[in-house]
Every structure is written in C-alpha cells, then in structure tokens.
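For reference, the chains in residue letters:
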Amino acid sequence: MQDESGKAALGSPANIAQVGPENSLHLNGHTVTQNGHNQTAPAAPQPQFDSRAPSPVPTPIIPREQWGGKYEFLLSCIGYCVGLGNVWRFPYLCYRNGGGVFLIPYFIMLFFTGVPLFLMELSLGQYGAAGPITVWKCCPLLKGIGIGMLCVSTLVCLYYNVIIAWTFYYLGSSFQSPLPWSCDAIANAGLCGNGTTGNSSTGRVLSPSEIFWNERVLGVVNSEGLHDPGPVRWPLALCLLAAWIVIFLCMLKGIRSSGKVVYVTATFPYFVLIVLIIRGATLEGSLQGVAFYLTPDWSRLANAQVWNDAASQIFYSLGIGVGGLLSMASYNKFDNNVIRDTLIITTGNCATSFFAGFAIFSILGHMAWRKGVPVGEVADTGPGLAFVAYPEALALLPGSVFWSIMFFLMLFMLGIDTLFGNMEGITTAVLDEFPQLRVNTLHKSLFLGALCFCFYLMGLLLVTDGGIYWFTLIDAFSTSFGLIIITLFMCIGISFFYGVNQFCQDIIDMICHCPPWCTKVLLYFKTCWVVITPFLLLFILTYIFIEMYNTPLHYGSYVYPRWGKAIGVCIGATCCLQILIWAIVAISRETGTLKDRFQKSIRPLNSWRVNNLSSAARLEESMEPERVEAPFTVTLTDMDFTAMTWEMGSEA
C-alpha cells in the first residue's frame, strides 16, 4: 500500500516492517534482522518479547486550535478575501486598464487560475494541519515555496496596514462638520466657487477631496520623488501605531474569538455599499461612469500590464500564494468540505468586487459631469482613488458626517479582517517551526509584540511625504511576477511531485461522504492543475518579462527612475528565489547520487499524515515504528498461523 510518491503509507505492512537496525523478526523459527542478514535460530523456545523492551511511546503532539464551527471558518475566509482590495484596488485597476476590458482577463484568470489554486491551498492546509512552511513535509524539495509565501506576506502586511492608517485618519476627520473635503467647508469655499482650483502637475482642475488627499493626508506635494521621502508625517504615524496595536490585540485573542467578530465585519460592508450605489444612481452623469466601467476597449487586451494586473488582482483579492488561506485552513476540522467553501468564497469575493465597481464608477461619472471632462480624466490613477472618489460621494449624501463615519469604519473592518489573515500566515509558520511558543503564553505575546513593532518601524517609511512613491513601488512588485512564480511552482509541485491523483484522493478522504458532483468537479480541477493553470501562468510570465522593462512605472505624472524599478524587481526576485535556495538545501541534506537525492527530497516525510489524526486510535495506528529505540525479538511458529486460520474460519 503505497502513495503516489512510492512511499509506504502509514499503517501499511511495508511501513510496519520498517523497524530499527537492532530489531529482528522471527518467522517459523528463523530470525530476520533489519540489516539485511538472516540468522538461523535454534528450535528452542524463546520468549515472545524481551522484558527489557519498553512499549513504544508516540512523540507528544502539541494541540492546535480549531474553529468553533464551519460557519466561522467560512465567514473568516470571506472576511479575509473580501477586503480593501475589492473596494479600492479592483476599481482602481479597472479604471487604469481601460474600464470594462479589464473584466475579460479578470474572469479568465478567476476560472482557470484563481479557483483551482484557491482549492489547492485550502486543501493543502486542511489536510496537513500545518502552516505554509511545515506543510511542505509533503514535498521537502519545495519548502522554499513556504518561505517565499512568508516574504510576500511580509511585504503585503508592511504596506497594507498603511491603508488602514489612512482609513483611521479619514475616520478621525469625519467627526468634523462640515467634512474637511466638502465644498461646505470654509477653507474650500473659494475652491468650489470659481471652479479653477488646481495644483496638479497635469494642469487640470482638482476637487477639494483631491487636494485634501494630496496635501493634508499624503503631503506628496512636498516630495520630489522616490529619492526624496522627506520627514515622517506624525499624524499618520500615530494612526499607523494604533492600527498595529489593534492587530496585536486581535492576534492575542486567537481564531475562536475572531470567528465571532466576522458575523458583523463580513456583512456590514454590503449594507454601506448598497447605500452608496443607490445614492450614486440618483446623481447626474452616473450612467456615463457605469458605461465607462462596462464598455471594453479591445485594444487594451494586447497590453501585458492588463493581464498582469488581472492575475495580480486575483491573487491579491483571494489571498492566493500569501500563506493566509493555508494557515486559516490548517485550523479546520479534517472533514470540512473544502470544495463547497472554495466555490462560495470565490464567487462571493468576485461578486463583491464587481458590485463595488458600480459604487465607484457611478460617483466618477457624476464628478466628470460636474467638471465637464471625460470619465477617464476625472481623477489621478492610484491607490488613493477610493480616498478621492468615495469621500466626495459621501460629501454629497444627506447626513454626510454620519455616512462618512460608517463608511470608513467599514473600510477599517475590511482591512482588519484581511490583515489578520496575512499576519496569521506569518505567525502560524513561525509557531509551527517553534511549537513550544504555543504553550507558553508569555513567549507568544512577546513574539507577537516584537513582530508588530518591527512592522511598525519599517512602515514609517511609507508615511513620509514621499511615502506614497515607496507604497506604489512595493504594491506593484510584491504581488507581481514573484507571486505568480510561487504559485506556479506550488501547482507544479503538487501536480507532478506529490501526485495529482494522490492529492485528489486526499481531498476525497477529507470530505468523507463525497457527493457525485464533487467527483465531477474534481475532474475539472485536476485538468486545471495539470495543464491549464500552469500554461496560463507561464504565458503571463513570458508576456510580463517581455514587456516589463518597456512599460514605465509611474504615480500620477511622476515616472520612476531605472534604479527605483530595479529595487522593485529585486523585491519580487527575493520572494521567488527562496524556492531555488531551499531546494538546493533539501537536496544537499540527502545522500547518494544526484538522482537519488532528488527522488528522496520529493518524497513525503513519515510525519506528513500524522497531523490530521483526530483520535487516539488513529494515532496508535499511525505511530512510526522507527521511534522504538530498544531491541526486541518476536518469534512466530506454525501454531500461530494455524490458530489464526482457525479463528478466521470460526468467525466466518
């Protein structure tokens, strides 16, 4: 009984026969030792067991937390995936890439890369019950994938909490009446009256919300570019500190308490978005914005940046390749239906992105109508689109102060859910490598505190006057080609090294009573994992590398210098080079020829399937025989086999 890799499965006769070199087994008076030599024993009776041999004791396994119920995991995953990316990143990318044409590569990438890779990551984490590093006991050669995920997750957490800091700043400013970015504010009376206000480098008219964003929040007008970060903006630094304190407290509470919070945080955003869409639909010019959102510009499909942004948005929004999904699934019950959860979460996430786009573009259409310009020129492209368009939309609502508070509170909830999942990927990976931290509350608290404080110190660069330039650089390259390479190797490793048939069987084993539709859906996923998904990822990578150096990176009118772009390439390369580095380490630890070393390094470790045991009986069955260190002797005679046959006959 062997798995796809040729390794004896736990509990099989082949595995039971693997005992230590000092142990021996006697068959019909003949002693068979494990060093390959046979010894003929005399016919004298011998004791069956050496009295000095202790009974085998399994290695103690430190218990892991589990979700309180399947709905907690489902809502937590929805809260993790449905985040700020759905509200500010998807409309921003759609706006940057010519409107509705972006939806075509987006849904292609969703069906053939996003959903299959989402299921793969959930299944891998749930079956292995381990974080993004330890889970690669299934294929030690690819441990670098877990390290690469950790690098990507670190970069995402670094700049993602800056968005939450911006949200905190707007939330605090929303308690002023009138809102500081509205035309009703005294400081903006002259700006809205003459309609000629603007300090944009492009010479176009700026709205009060754009001025508030660029001057009051970012301070980008005081910086010349990437080389001139300027001083730290201390109001933003305090907001960033508050955001990391909240994250620290959330991490201390654990998954059981956070699972209760998502009942509110996962549903409240939809209520606010519905209100914004209804209000946007009643504004003049909103249909122009919706038409720009849905009408494709077919010539944009020939641009590699559009396909790159579509793939990166799928990974960014669904959280693929970052390690958060894998870590959250590792706290699942073994028999959770991962196929059902995958279909629900991915459908809900992408529907929310599409849904939020109407709220953004209806407001952009109204802004374009008021300024008398095309929709494509209504705002600077950049991550701040939601912090320009949405605040202006809120200023047009009756009771704008109340709705502004509710909206930015919604953004805060979305951001906390997603960032908690990313941080869970980092902490789970470390805690699995050092499990003693799980049982020592003080050491765990110190580790989490030190981790959050280090993130805060590194994030101070992003809240300087020129921090938005560094923010855009990390955003552009942390979830670009490096993340695609990581997911490509994850797909290839599971499909061809671990074995796609074995992986599908693992999924069926978890679901237990697998309905007929699950088996049919698995055929589709198997085709994607083996053929379609790797092909699409390779196609995107080739297209990206051909066009990457010819497409300038810019924020507004600022074009990044070559050295700045080189830093971004190094950021992406650092993440994916972990795969090569740790593959060399895994091969060097084995013995034999290079071919033997490679074959040994792709075999699952003996402890791979131990983590999914849920009962003492299954633990006893899967106990590794090589853990018995004391010598023992067992003698079997013909009477043993005769008695066994007689018992089988009597039972029949």
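Once that is clear, we can look at the overall build of the protein chain. Along the protein chain, the regular secondary structure elements total 25 helices and six strands. Expressed as a percentage of its 652 residues, the buried residues of the protein chain come to 54%. Accessible surface, the protein chain: about 27600 Å² in total, of which carbon and sulfur atoms supply 66%.

Taken as a whole, helix α11 (residues 286–294) has its buried residues at S286, G289, V290 and Y293. Viewed end-on, α11 has its buried residues packed into an arc of 95°, placing them on one side of the element. As for α11, its buried residues are in contact with α3 (84–96), α4 (103–128), α10 (268–281) and α14 (338–371).

Moving on, we come to unusual backbone geometry. Omega for the bond connecting S177 with P178 falls within 30 degrees of zero, at 0°, which places this linkage in the cis form. Phi is positive for A129, close to 50°, though the residue is something other than glycine. Mapping A129 onto the fold places it in the loop between α4 and α5 (143–173).

The final tally for this structure, using the stated rule, is two salt bridges. Between R233 and D465 there is a salt bridge, with the nearest N and O atoms lying 3.0 Å from each other. In this pair, R233 is assigned in the loop between α7 (208–218) and α8 (234–253) and D465 in the loop between α18 (441–459) and α19 (467–478), connecting sequence segments 232 residues apart. Judged by its relative accessible area of 7%, D465 falls in the buried class.

Before going further, it helps to examine the confidence of the model for the protein chain. Low pLDDT means the predicted coordinates in that region are not meant to be read closely. Per-residue confidence for the protein chain gives a mean pLDDT of 79, with 79% of residues at or over 70. Across the protein chain, the element-wise mean pLDDT spans from 40 in helix α1 (residues 13–16) up to 93 in helix α22 (residues 562–588). Contacts for the low-pLDDT stretch residues 196–201, under 50 throughout, to residues beyond four places or in other chains number eleven contacts. Predicted confidence for residues 614–632 stays below pLDDT 50, and this span has 36 contacts to residues more than four positions away or in other chains.

The class for R233 is buried, based on a relative accessible area of 19%. A polar contact of 3.0 Å, which involves the side chain of R233, links it to the backbone oxygen of R216.

There is a patch of nonpolar side chains on the surface, built from L238, L241, I245, L249 and L252 and spanning about 430 Å² of accessible area. As for its placement among the helices and strands, L252 is situated in helix α8.

Let us look at the side chain of T472. Within the secondary structure, T472 sits in helix α19. In this structure T472 comes out as buried when scored by relative accessible area, which is 7%. Here the side chain of T472 touches I468 through a polar contact of 2.8 Å, landing on its backbone oxygen.

Residues W136, W166, M423 and W529 are the most contacted members of the largest nonpolar core, which totals 188 residues. No other element matches the 20 residues that α5 contributes to this core. Once residues lying within four places of it in the same chain are set aside, the contact partners of W136 are L124, L142, K143, I145, G146, M490 and I494.

Right, let's talk about the packing of aromatic side chains for a bit. Under the defined criterion, the tally for this structure stands at 40 aromatic pairs. Both rings, one in W166 and one in W213, keep their centres 5.1 Å apart while their planes meet at 90°; by these two values the pair is edge-to-face. On the criterion of sequence distance, the pair formed by W166 in helix α5 and W213 in helix α7 is long-range, its members being 47 residues apart. For the pair formed by W166 and W213, the shared burial category is buried. Taken together, a centroid distance of 6.2 Å and an interplanar angle of 80° make the contact between W181 and F408 edge-to-face. Of this pair, W181 sits in the loop between α5 and α6 (189–194) while F408 sits in helix α16 (residues 400–433), placing them 227 residues apart in sequence. When its relative accessible area of 3% is taken as the criterion, W181 is described as buried. Site record: aromatic cluster; members linked through ring pairs are Y159, W166, Y169, Y170, W181, F212, W213, F387, F407, F408 and F471.

Between α3 and α5, the shortest axis-to-axis distance is 12 Å and the interhelical angle comes to 95°. Between α3 and α5, the angle is such that the two are roughly perpendicular. Together, L84, G85 and W88 of α3 and Y160, I163 and I164 of α5 make up the contact between the two elements. Looking at the contact of α3 with α5, its residues break down into five nonpolar, one polar and no charged.

The next thing to look at is the environment of C250. Along the polypeptide, C250 turns up in helix α8. Each C-alpha atom of the pair C250 and D417 lies 9.6 Å from the other, and the pair is 167 residues apart in sequence.

On to the environment of L236. For L236, the position within the fold is in helix α8. Assessed through its relative accessible area of 3%, L236 is described here as buried. Separated by 19 residues in the primary sequence, L236 and V217 place their C-alpha atoms 7.7 Å from one another.

To characterise two packed helices, one gives the angle between the axes of the helices and the distance between these axes. At a minimum axis distance of 10 Å, the contact between helix α12 (residues 304–318) and helix α20 (residues 481–511) shows a crossing angle of 65°. Here α12 is positioned roughly perpendicular relative to α20, judged by the angle of their axes. By crossing handedness, the relation of α12 to α20 is classed as left-handed. On the side of α12, the interface is formed by N308, A311 and F315, while α20 contributes L483, I484 and T487. Here the residues of the contact of α12 with α20 are counted per class, giving four nonpolar, two polar and no charged.

Taking 1.5 Å per residue, 19 residues should reach 27 Å; α18 reaches 27 Å between its end C-alpha atoms and fits that length. If you check which residues of α18 are buried, you get F447, L448, L451, C452, F455, Y456 and G459.

Here we take up the environment of P534. With respect to the helices and strands, the residue P534 is situated in helix α21 (residues 516–547). Given a relative accessible area of 8%, P534 falls into the buried group.

Conventions we followed
Residues numbered from 1 in each chain as written. Predicted model: local features only at pLDDT ≥ 70, side-chain atom pairs only at ≥ 80, totals over all residues. Heavy atoms only, no water. Helix = DSSP H or I, 4+ residues; strand = E, 2+ residues; numbered from the N terminus. Buried < 20%, exposed > 50% of the residue type's maximum accessible area, 1.4 Å probe, protein only. Areas by Shrake-Rupley, 256 points an atom, 1.4 Å probe, with all protein chains shown as cover. Arc of directions from axis to C-beta. Contact = heavy atoms within 4.5 Å. Salt bridge = Lys/Arg side-chain N within 4 Å of Asp/Glu carboxyl O. pLDDT = per-residue confidence, 0-100. Polar contact = N/O pair within 3.5 Å; in protein donor to acceptor, adjacent residues only side chain to side chain. Patch = residues over 30% accessible without salt bridge, like charges linked within 9 Å, V, L, I, M, F, W, Y side chains within 5 Å. Core = buried A, V, L, I, M, F, W, Y, C linked by side-chain atoms within 4.5 Å. Phe/Tyr/Trp six-rings, centres within 6.5 Å; stacked < 30°, edge-to-face > 60°. Axes fitted to C-alpha atoms, helices over the stretch in contact; angles between N-to-C directions. Parallel < 35°, antiparallel > 145°, perpendicular 65-115°, else oblique. Nonpolar A, V, L, I, M, F, W, Y, C, P; charged D, E, K, R; others polar. Left-handed = near helix turned anticlockwise from the far one by under 90°. Expected span 1.5 Å × (residues − 1).

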